[in-house]
Amino acid sequence: MNVLHDALRESLGALALGLLDDEEKRAVLHHADACPECSAELDDFLELAALLRPAPMPAAGSTPSRPEMSTTSE
Ligand SMILES: [Zn+2]
């Protein structure tokens, strides 16, 4: 049994969602590199994450211009 495996396995989902910092990410990826089980699971999580995070909208740069509701009374 591998304690590291269990610990990092729980981080696979967070990694796929981009929630880990660089150090954690490196540790998980390093383990997944040597662990087919985690590697396969990470692939699943990445697929899920891709589904959860829709592709950026084409018009992401343009912010909807919303008229200000505040009326300036002088
Ligand atoms: Zn593992």
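Treat the numbers as computed from the prediction; the structure is a model and nothing was measured.

### Digging into the overall build of the protein
Moving on, step 1. Secondary structure assignment for the protein yields four helices and zero strands.
Moving on, step 2. The linear arrangement of helices and strands in the protein, starting from the amino end, is α-α-α-α.
Moving on, step 3. Taking all 74 residues of the protein together, the buried fraction comes to 14%.
Moving on, step 4. A fraction of 56% describes how many contacts in the protein between residues 6 or more apart in sequence connect residues 24 or more apart.

### Topic: helix 3 (residues 22-34)
Moving on, step 1. Spanning 13 residues, helix 3 covers 19 Å between terminal C-alpha atoms, matching the ideal 18 Å at 1.5 Å per step.
Moving on, step 2. Where helix 3 is concerned, the buried positions are Val28, His31 and Ala32. All buried residues of helix 3 fall inside an arc of 100° around its axis, so they share one side. When the buried face of helix 3 is taken as reference, the exposed residues oriented beyond 90 degrees from it are Asp22, Glu23, Arg26, His30, Asp33 and Ala34.
Moving on, step 3. Those residues of helix 3 hidden inside the fold are in contact with helix 1 (3-9), helix 2 (12-16) and helix 4 (36-52).

### Points about the nonpolar core
Moving on, step 1. By size, the foremost hydrophobic cluster in this structure holds eight residues: Leu8, Leu12, Leu15, Ala16, Val28, Ala32, Cys38 and Leu42.
Moving on, step 2. For this core, the secondary structure elements donating two or more residues are helix 2, helix 3 and helix 4.
Moving on, step 3. With three residues, the top contributor of residues to this core is helix 2.
Moving on, step 4. In this view, Ala32 contacts Cys38, Ser39 and Leu42; residues no more than four positions away in its chain are not counted.

### Quick notes on the confidence of the model for the protein
Parts of the model with low pLDDT should not have their predicted coordinates read in detail.
Moving on, step 1. Mean pLDDT for the protein: 85, with 77% of residues reaching 70 or above.
Moving on, step 2. By mean pLDDT, the top-scoring element of the protein is helix 3 (96), and the lowest-scoring one is helix 1 (92).

### Section: the environment of His31
Moving on, step 1. You can see His31 is positioned in helix 3.
Moving on, step 2. The exposure class of His31 is buried, given the 20 C-beta atoms found within 10 Å.
Moving on, step 3. The sequence separation of His31 and Leu4 amounts to 27 residues, and the corresponding C-alpha distance is 8.2 Å.
Moving on, step 4. Those residues within four positions of His31 in sequence are excluded, and the remaining contacts are Leu4, His5, Leu8 and Cys38.

What counts and what doesn't
Residues numbered from 1 in each chain as written. Predicted model: local features only at pLDDT ≥ 70, side-chain atom pairs only at ≥ 80, totals over all residues. Helix = DSSP H or I, 4+ residues; strand = E, 2+ residues; numbered from the N terminus. Buried ≥ 20, exposed ≤ 12 C-beta atoms within 10 Å, placed from the backbone. Contact = placed C-beta atoms within 7 Å. Expected span 1.5 Å × (residues − 1). Arc of directions from axis to C-beta. Core = buried A, V, L, I, M, F, W, Y, C linked by C-beta atoms within 7 Å. pLDDT = per-residue confidence, 0-100.

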